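Reading the structure
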Amino acid sequence: MDIEERQPVPAGPGPGQPVGQRSGDAAGPGSGEPDGPAVTGASGAGRSPLARRVLIGAAVGCVVLGGVLVLLPSTGPGGAPPPSPGPVARAMTAVGAGAPAALPDLAALIGDRETHLRAHPRDDQSWAVLGTAYAEQARRTATAAYYPKAEKALRTSLDVRPKDNAAALDGLAGLAVARGDFRTAKQWGEASVKLAPKRWTAYPALVDAYTGLGDPKATRRALDRLLALRSGPVTQAVAARAYWDRGWREDAGAAIADATAGATTPSQQAAFLQQGGQLAWERGDVQESLDHYRAAVNTDPDEHGALAGQGRALAALGRTSEALRAYQTALAKRPAPRYALELGELYEKLGLPGAARVQYDLVRELVRRDAAGGVDDELVIGFLEADHGDPQEAVRRLRAEWDRQPGIAVADALGWALHRAGDDAQALTFATRTMDKEHGGEVRSALYAYHRGEIERGLGKAGPARRHLAEALRINPSFSPLLVPAAQQALAALGEPPAEGLPEPSDHEEESGAAGESGAAGESGAGTGAAGAPGTAAPQPAPRPASSGPAVAPAAPRSPSAPAPGPSTVR
């Protein structure tokens, strides 16, 4: 049977809005989920008349089962019967639709396919389903050991069926995204699209891959194609992430609200609520963010990312004991390196350096563990080394990451590492890129704005620094327990902008500067305009722009213990 449209859920959170919790355990198979797989072949191909009659009888006896059968892999000659309705069928539906699956259902599906493949090792479709389920299990539990198993199963599917195996290609593209390997995801996703350009399931991975590679034009083309081919909650969630990256906050909110309203299972709804919490957090709505995260955990207790989100929001609200418990629970259930980094920085904020160091050591341990499973955690370890370790090591690692996949998030991390290593001039080229629309720098990020402001302050660019530090606090006044106070202190050190209107130049200054004043002022004015500092340059001798006026207080010297990126550091 042809079940071409299987795809794991793309990694990484996106924005969303809350809705009321659905009752029961979702509609499950046969629920009319609009993002479910489309069947292109006859379900009884290759089976005996008796087998077909058995299947028909089962469908008559159970309508739900009839809705699931079209999604199940072929069993091969003399194969085992398809799975019964229940956890296996629910997970099969979710995996086929590229939607989150409940962890108990995923475990049931994995066990079912492993048993089936021992008896039918030539079933390429079951290998593809198993590999995709392994990848989803790894993503949801942060257990990197599942990733090599996922890759082995998906490649086995390709070995059994080397041609026309779009399900395996889709699975490999989604696996690469989950690992943070966007170049590989691009290769597998494009191979799938070339094989079957009218299928939709490769496009979510391609949207994430192009974003990670810093190719905004390709991202938009892939998203437009996805939305033209498919509608429904899964594609709306993908669109919400892309809209957020383009700075379209209202569109992102509307898209994820629609996705949440259309969710057909508790796991789906919880994932979209978690994305809603992330969006609310990024725009500075702390209480709304907390409400989203709590609703996500109440809907699906295994949505562990929402537990870490609660820790982030509770810390911003000053409820530190609750925040610590939330982070500790999240780490116990889903030991992701970025959660350990956030918790360590919260301990540092609370004046507990020993507890912070324990978490920073845990980050390094988890990164090593993930690397064994092929996971790219370079952004996390780069921030850790830049602020709590060796900044030069951070620069080395992040330069290599930039060479592999030059996305906006990497530009921000590398710019910050260069700043921490004392190279502000080069750091500014990367920090500027995070706000360069031509290269996809359209997202409104408090962290990016803060990093750029501090780099400009280090270069003595008072006007631009003042503007970007203030912008960081406007976007999200609670973006980090460590960096918010640092931004406030930096703004205080810079002082107020110079008063409007500066002393007129003397006659001597006019005479000596008449020949070159226009060009110099134009150059200075261009920088001032870009940074938003008061005053503009005139084409003839005139009062200098504010950025050429009296120097403001210099930036405070950095030290190895300077404030580090807080909970919103890693996207």
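The structure presented is a predicted model; accordingly, all values stated were derived computationally and were not measured. (Residues numbered from 1 in each chain as written. Predicted model: local features only at pLDDT ≥ 70, side-chain atom pairs only at ≥ 80, totals over all residues. Heavy atoms only, no water.)

**With respect to the overall build of the protein chain**
The secondary structure content of the protein chain amounts to 26 helices and zero strands. Expressed as a percentage of its 571 residues, the buried residues of the protein chain come to 54%. In the protein chain, the proportion of contacts linking residues at least 24 apart, taken out of those at least 6 apart, comes to 66%. Of the roughly 22900 Å² of accessible surface on the protein chain, 54% is carried by carbon and sulfur atoms. (Helix = DSSP H or I, 4+ residues; strand = E, 2+ residues; numbered from the N terminus. Buried < 20%, exposed > 50% of the residue type's maximum accessible area, 1.4 Å probe, protein only. Contact = heavy atoms within 4.5 Å. Areas by Shrake-Rupley, 256 points an atom, 1.4 Å probe, with all protein chains shown as cover.)

**Concerning the packing of aromatic side chains**
Inspection of the entire model under this criterion finds five aromatic pairs. Between Trp416 and Tyr450 the ring centres are 5.8 Å apart and the planes differ by 50°, which places this aromatic pair in the tilted class. Of this pair, Trp416 sits in helix α21 (residues 408-420) while Tyr450 sits in helix α23 (residues 446-458), and the two are 34 residues apart along the sequence. Seen from their ring centres, Tyr450 and Phe479 are 5.9 Å apart, and the 45° between their planes marks the pair as tilted. Of this pair, Tyr450 sits in helix α23 while Phe479 sits in the loop between α24 (462-475) and α25 (483-494), and the two are 29 residues apart along the sequence. You can call Phe479 buried: its relative accessible area is 0%. Among the aromatic side chains, those forming a connected cluster through ring pairs are Trp416, Tyr450 and Phe479. (Phe/Tyr/Trp six-rings, centres within 6.5 Å; stacked < 30°, edge-to-face > 60°.)

**Re the nonpolar core**
A general feature of soluble globular proteins is that nonpolar side chains tend to end up buried together. By size, the foremost hydrophobic cluster in this structure holds 103 residues, and its most contacted members are Leu223, Leu341, Val363, Tyr450 and Phe479. Within the second largest apolar cluster, 40 residues are counted, among which are Tyr134, Ala178, Trp188 and Val375. (Core = buried A, V, L, I, M, F, W, Y, C linked by side-chain atoms within 4.5 Å.)

**Looking at the pattern of salt bridges**
A complete count under the given rule lists 26 salt bridges for this structure. Taking the shortest distance from any N to any O, the salt bridge between Arg199 and Asp170 comes out at 2.6 Å. Placement of the pair is Arg199 in the loop between α8 (182-195) and α9 (203-212) and Asp170 in helix α7 (residues 166-179), with a sequence separation of 29 residues. No difference in accessibility class separates Arg199 from Asp170, as the two residues are buried. Shared partners join several salt bridges into a network, and the residues in it are Glu378, Glu393, Arg396 and Arg397. (Salt bridge = Lys/Arg side-chain N within 4 Å of Asp/Glu carboxyl O.)

**Section: the environment of Ala101**
Here Ala101 lies in the loop between α3 (87-97) and α4 (103-119). For Ala101, a relative accessible area of 2% puts it in the buried group. When the C-alpha atoms of Ala101 and Ala91 are compared, they prove to be 5.5 Å apart, with ten residues separating the residues in sequence. Setting aside its immediate chain neighbours within four residues, Ala101 contacts Ala91, Ala94, Leu106, Glu136, Arg140 and Ser267.

**Digging into α25**
Helix length check: α25 (twelve residues) gives 16 Å between terminal C-alpha atoms against 16 Å at 1.5 Å per residue, within 8%. Of the residues making up α25, those classed as buried are Leu483, Val484, Ala486, Ala487, Ala490 and Leu494. Down the axis of α25, the sector holding all buried residues measures 160°, keeping them to one side. Exposed residues pointing more than 90 degrees away from the buried face of α25 are listed as Gln489 and Ala492. Residues of α25 that are buried in the fold lie against α23 and α24. (Expected span 1.5 Å × (residues − 1). Arc of directions from axis to C-beta.)

**Topic: unusual backbone geometry**
Non-glycine residue Ala142 carries a positive phi angle of around 55°. Take Ala142: it is sitting in the loop between α5 (124-141) and α6 (146-160).

**With respect to the packing of α24 against α25**
One way to put it is that α24 packs onto α25 with a least axis distance of 10 Å and a crossing angle of 145°. Seen from above, α24 lies across α25 with left-handed handedness. Contacts from Ala462, Ala465, Arg466, Leu469, Ala470 and Leu473 in α24 reach Val484, Ala487, Gln488, Ala490, Leu491 and Leu494 in α25. (Axes fitted to C-alpha atoms, helices over the stretch in contact; angles between N-to-C directions. Left-handed = near helix turned anticlockwise from the far one by under 90°.)

**Re the packing of α23 against α25**
Helix-helix packing is described using two parameters, namely the angle between the two axes and the distance between the axes. Contact pair α23 / α25: the axes reach a minimum separation of 11 Å and the direction vectors enclose 40°. Taken together, α23 and α25 sit at an angle that is classed as oblique. As α23 packs across α25, the resulting crossing turns out to be left-handed. Residues Leu447, Tyr450, Glu454 and Arg457 of α23 form the contact with α25, whose own contacting residues are Leu483, Ala486, Ala487, Ala490, Ala493 and Leu494. Residues belonging to the contact of α23 with α25 are distributed by class as follows: eight nonpolar, no polar and two charged. (Parallel < 35°, antiparallel > 145°, perpendicular 65-115°, else oblique. Nonpolar A, V, L, I, M, F, W, Y, C, P; charged D, E, K, R; others polar.)

**With respect to α6**
Look at α6: 21 Å from first C-alpha to last across 15 residues, which is about the 21 Å you get at 1.5 Å a residue. When we look at burial in α6, the residues that qualify are Tyr147, Ala150, Ala153, Leu154, Ser157, Leu158 and Val160. On its buried face, α6 sits against α5, α7 and α8.

**Notes on the environment of Gln137**
Relative to the helices and strands, Gln137 is located in helix α5. Spatially, the C-alpha atoms of Gln137 and Ala102 are 9.4 Å apart, while their sequence positions differ by 35 residues.

**Regarding the environment of Val177**
Tracing the backbone through its elements, the reader meets Val177 in helix α7. Sequence separation of Val177 and Asp376 is 199 residues, and the distance between their C-alpha atoms is 9.9 Å.

**Overview of the side chain of Thr264**
Examined against the element boundaries, Thr264 turns out to sit in the loop between α12 (249-261) and α13 (266-282). There is a polar contact of 3.3 Å between the side chain of Thr264 and the side chain of Gln268. (Polar contact = N/O pair within 3.5 Å; in protein donor to acceptor, adjacent residues only side chain to side chain.)

**Some points on the confidence of the model for the protein chain**
Considering every residue of the protein chain, the mean pLDDT works out to 80; 72% of them sit at 70 or more. A low-confidence stretch, residues 1-78 stays under pLDDT 50, and its non-local contacts, those more than four residues away or across chains, total 196 contacts. Of the regions scoring below 50 in pLDDT, residues 505-571 engages in 93 contacts with residues more than four places distant in sequence or in other chains. (pLDDT = per-residue confidence, 0-100.)

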